[in-house]
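A look at the structure
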Amino acid sequence: MHNLPVELQLQIASFLDVETILSLRKTSTSLFQFTHDRSLWLTLISRMSHVLPRSLSESETATLSTLQLERLIKTAMHVEQVWLLPRKDTFLIKERCDSDDIENSIPRVRYLAFVSDHHLLSLGSEGKINLWKINNVFAPFAAELFVTYASSTWYPCAYHLNTAGSVLAIALTHVELVAARVLTVSLDTGGSSESGPPVLVTRGEFSIFPPQVIRAIDADLELALLSNTALSFEVVNWRTKAQATVALRANDPGDLWNGITAMRICGPYILVFRMHTVEAYPLPSHLSSGVGERSDILPQLTFRFPHTMTYRRVSLTKTTCINDDESEIYGLSALANDLFHGIFLFHVELTVRPLPSLSVSPLGVRPMAIASPQFIAAPLPEDLPPPLVPPVPFGTLHDTRTFVSAWALGDYGKRGIWVARSRTSMIRTVVAFTNPRDVSNTSEEARVWSDGSLQANVDSERPGLINGQVVHDIPLQDDITVCAVSDTTGRMALGSWAGSITIL
């Protein structure tokens, strides 16, 4: 191979796997230099894009060094190989709280999230904020406390990472529900240590009135979204104090019980996830300089789930955007649990141009709990063992009549987890899965809930069966109420009712 032209060597090496290339690097000085060629790793990134948590554009790869490209694909390959394997090693980064300062009916950990893949954020019900810096997957696990905050009068309730991934914003509400405050912290660690440790800085405050609840914030637009009742919601700019009230759709009596579960700003629209519907409302343009004036009037858009489906909480991915001369399309995936039917994974696509539209495409389903004729999954392979009794061994999940206490989707929708317990088991199981569909192809396949039913089988026009794998078990007394997962590192975080946080 030494005698071949470099171009031909690169062509041959592009068909090798990463392990072989790394072994080739150890054979001679010339091959050591050759395997550090940037074009080789760019070719591998393109050829093995299916293992990456998301597709990378040419402009993104252009900013990465050869070492960063190599580390990116090595990490992706490692995560792909170990993702569904049992997790024997656990790392407790926060002890449980045994104090009786708050009511037992309130979980100590309210939100968990992997932020920018290198940080883990915890928002507590006792006014506590913790942000840990997590090391890479190839080093022994370590979690360094990056930022900490505690208050007896201000409780954290929402967070958002700006588009650049450099600033994290956290919203807090006053204990008497009369005011809200937004704090920010810089995640840019490229500066010198002389600037001191990172701190949370107050960026704005505004008044709130019960029963208003902050559902989401946007660090780029400096906007907060607050739900009022089932009739309206508020949009507030925390810097200028400008605000607007938006009336919710209420076309039938059932909409009075169609509460808001999540919200997200997508370009000129506000996407609202409710218990029975997904709706899009035009964003008032006067509230932020980041929202441009439009010459046209955008319509309200609504998608209603089949009538038997009810979601009380959803886990959302980051928003993707296609914005060119011909189109403007926003997309994100959501993982939800219906108490009577099971776990559902779906993709939401909001089109602004050329014509406004809203579609929801089912990606995967895991039937659980009480069977329903509207939700029929494809039969599992006949060679699977009968329903398992405790302790549940690691491997393929075979579940019926299962209670799911927590679920989460990665930022890019490639991977997800849920925590469940069956009626006959004395342990909780952590179940991991990989998205059964390629999210990037959902618009082309045009799968929507159009017939009022949802079935899972091998038909390409229907959602796939979510093939969950049990990767860890937990004693029943450790009541897991919140969890998080990182698509990039494959790490999982579990938060218990008592306040402990464990990394898998």
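Look up: the structure comes first, before these words.
Within any chain, residue numbers begin from 1 and follow the written order of that chain's sequence. With pLDDT at 70 or above as the cut-off, local features in this predicted model cover only qualifying residues; side-chain atom pairs require 80 or more to be listed or tallied, and sums for whole chains, interfaces and linings still use all residues. Hydrogens and waters are ignored; side-chain quantities use all the structure's heavy atoms.

1. Topic: the overall build of the protein
Broken down by element type, the protein carries 7 helices and 33 strands. Within the protein, residue pairs in contact and separated by at least 24 positions form 57% of the contacts whose partners lie at least 6 positions apart. Accessible surface is estimated by sampling points in the Shrake-Rupley manner with a 1.4 Å probe; for residues, cover comes only from the protein chains shown. Working note: accessible area of the protein is about 23900 Å², and carbon and sulfur atoms make up 54% of it. Numbered from the N terminus, helices here are DSSP runs of H or I no shorter than four residues, and strands are runs of E no shorter than two. Contacts are assigned to residue pairs with any non-hydrogen atoms lying within 4.5 Å of each other.

2. Section: unusual backbone geometry
The linkage connecting Pro-210 with the following residue, Pro-211, adopts the cis geometry, with an omega of 10°. For Pro-211, the location among the structural elements is in the loop between strand E9 (201-207) and strand E10 (213-218). Arg-353 connects to Pro-354 through a cis peptide bond whose omega is 10°. Within the secondary structure, Pro-354 sits in the loop between strand E21 (342-353) and strand E22 (357-367). Even without glycine at this site, Glu-222 takes up a positive phi of about 60°. Residues other than glycine seldom take positive phi values, yet Lys-241 does so here, at roughly 70°.

3. Digging into helix H6 (residues 66-82)
In an α-helix, one turn spans 3.6 residues; hence positions three or four apart end up facing the same way. Expected span of a helix, by definition, is 1.5 Å for each gap between consecutive residues, and there is one gap fewer than residues. Compared with the 24 Å implied by 1.5 Å per residue over 17 residues, the 25 Å span of H6 between its first and last C-alpha is a close match. The classification of residues rests on relative accessible area computed with a 1.4 Å probe and restricted to protein chains. Under 20% of the type maximum is buried, over 50% is exposed, and intermediate values are partly exposed. For H6, the complete set of buried residues consists of Thr-66, Leu-69, Glu-70, Ile-73, Thr-75, Ala-76, Met-77 and Val-79. Against the buried residues of H6 lie helix H2 (18-24), helix H4 (38-47), helix H5 (58-62) and strand E26 (415-422).

4. Thoughts on the sheet that holds strand E11 (residues 223-227)
The pairing criterion for strands is at least two bridges between them, as found by DSSP. One open sheet accounts for 4 strands, arranged E10-E11-E12-E13; its pairing is antiparallel. Edge strands, defined here as strands with exactly one partner in the open sheet, are E10 and strand E13 (243-247). Between one strand and the next, the sheet's axes are offset by a mean angle of 20°, whatever the strand orientation. When strand E12 (residues 232-237) meets E13, the two strands line up antiparallel, connected through 5 bridges. Note on geometry: axes are lines fitted to C-alpha atoms, helical ones only across the stretch in contact, with angles between N-to-C directions running from 0 to 180 degrees.

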